[in-house]
Amino acid sequence: MTSWSRGERLLLAGALFLLGSCAHPPRQSIDVDKVASSEDRIGLDDTFDVRVYGETDLSGTFRVATDGTIDFPLAGRIQVAGLRTGEIQQLLVAKLKDRYLKDPQVIVTVKDRNSQKISVLGQVAKPGQVGYYPNMTIVDAIASAGGFTGIAAKNSVNLRREVGGKIEMHVYPVADISEGRSQNVMVQPGDVLVVDERVF
């Protein structure tokens, strides 16, 4: 067995740390509470699964109507728009408990975030709206729109975001980001990405 001195062990640990840092370039830091507050709430046209343990008739997929409600078996119309999944779960338990079930075990999970979209316009294969999901990056959004066209300005992608009633605009080098040469950027529901044509 090879015997390592204390100095050699420290050098080895430092080298492994540097290798790990290079392999995983850091993402842009974000306000987690701010983003999570919007992305984990149920909106209009979203769908979510409800599983009631031992009750297949009460389990299924539900879509939020334009008035923000769902029609749930036994409980009738329930207002869910703007609630988190945990709050919907507690609401359903309260509706079912005692009247119908002694101790209902309910699990609610989001299926489709149809209320949360990002617009990707310009030189991408499929311009239009794409579905948003938690921790989505600018590279993910471009990929969801089919990727760049052959004449896209890949390192000059405009991100437009409404903040406090005002439109903020930033330009990001998405090609460099995808290759690890620049820091990644998180997108948010409602963002608009515009990919211009490359100047020849």
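Residues numbered from 1 in each chain as written. Predicted model: local features only at pLDDT ≥ 70, side-chain atom pairs only at ≥ 80, totals over all residues. Heavy atoms only, no water.

*Asks:* Help me understand the overall build of the chain, please; the structure alone is not making it clear to me.
*Replies:* Of the regular secondary structure elements, the chain holds 5 helices and 10 strands. Burial analysis of the chain (200 residues in total) assigns 31% to the buried set. When the accessible surface of the chain is summed, it comes to about 12300 Å², and 53% of that surface belongs to carbon and sulfur atoms. (Helix = DSSP H or I, 4+ residues; strand = E, 2+ residues; numbered from the N terminus. Buried < 20%, exposed > 50% of the residue type's maximum accessible area, 1.4 Å probe, protein only. Areas by Shrake-Rupley, 256 points an atom, 1.4 Å probe, with all protein chains shown as cover.)

*Asks:* I keep staring at the sheet that holds strand β5 (residues 106-112) and nothing clicks. Help me out?
*Replies:* Each strand in a sheet pairs with another by means of backbone hydrogen bonds, the pair being arranged parallel or else antiparallel. Taking strand neighbours across the sheet as the criterion, the 3 strands line up as β2-β1-β5 in an open arrangement whose pairing is antiparallel. With one partner strand each, in any of the chains shown, β2 (60-63) and β5 form the two edges of the open sheet. The sheet shows a mean angle of 30° between the axes of neighbouring strands, taken without regard to direction. Where strand β1 (residues 47-52) lies against β2, 4 bridges are found, and the strand directions are antiparallel. When the bridges of β2 are listed, V50 appears paired with G60. Across the sheet, helix α3 (residues 85-96) touches β1 and β5, and the angle it forms with β5 is around 135°. (Pairing = 2+ DSSP bridges. Axes fitted to C-alpha atoms, helices over the stretch in contact; angles between N-to-C directions. Contact = heavy atoms within 4.5 Å.)

*Asks:* How do you make sense of the confidence of the model for the chain when you look at a structure like this?
*Replies:* The predicted structure's coordinates, where accompanied by low pLDDT, should not be read in detail. Per-chain confidence: the chain averages 83 in pLDDT, with 80% of residues scoring 70 or above. Taken together, the stretch residues 15-37 has pLDDT below 50 and engages in 17 contacts with residues farther than four places along the chain or on a different chain. (pLDDT = per-residue confidence, 0-100.)

*Asks:* Got a minute to help me understand α3 in this structure?
*Replies:* Helical geometry note: an α-helix holds 3.6 residues per turn, so side chains three or four residues apart project in the same direction. A rise of 1.5 Å per residue sets the reference length of α3, with its 12 residues, at 16 Å; its end C-alpha atoms lie 17 Å apart and thus fit the reference within 8%. When we look at burial in α3, the residues that qualify are I88, L92 and L96. Buried positions in α3, seen along its axis, are confined to an arc of 60° and lie on one side of it. Seen from the buried face of α3, the exposed residues on the opposite side, beyond 90 degrees, are Q90 and A94. At its buried positions, α3 is contacted by β1, β3 (69-72), β4 (76-79) and β5. Immediately beyond the C-terminal end of α3, within one or two residues, lies D98, with a positive phi of roughly 70°. (Expected span 1.5 Å × (residues − 1). Arc of directions from axis to C-beta.)

*Asks:* Can you help me understand the environment of F72 in this one?
*Replies:* Residue position: F72 is located in strand β3. The exposure class assigned to F72 is buried, which follows from its relative accessible area of 1%. Along the sequence, F72 and V50 sit 22 residues apart, while their C-alpha atoms lie 9.8 Å from each other. Beyond its immediate sequence surroundings of up to four residues, F72 is in contact with V50, V52, L58, F62, I78, L92 and L96.

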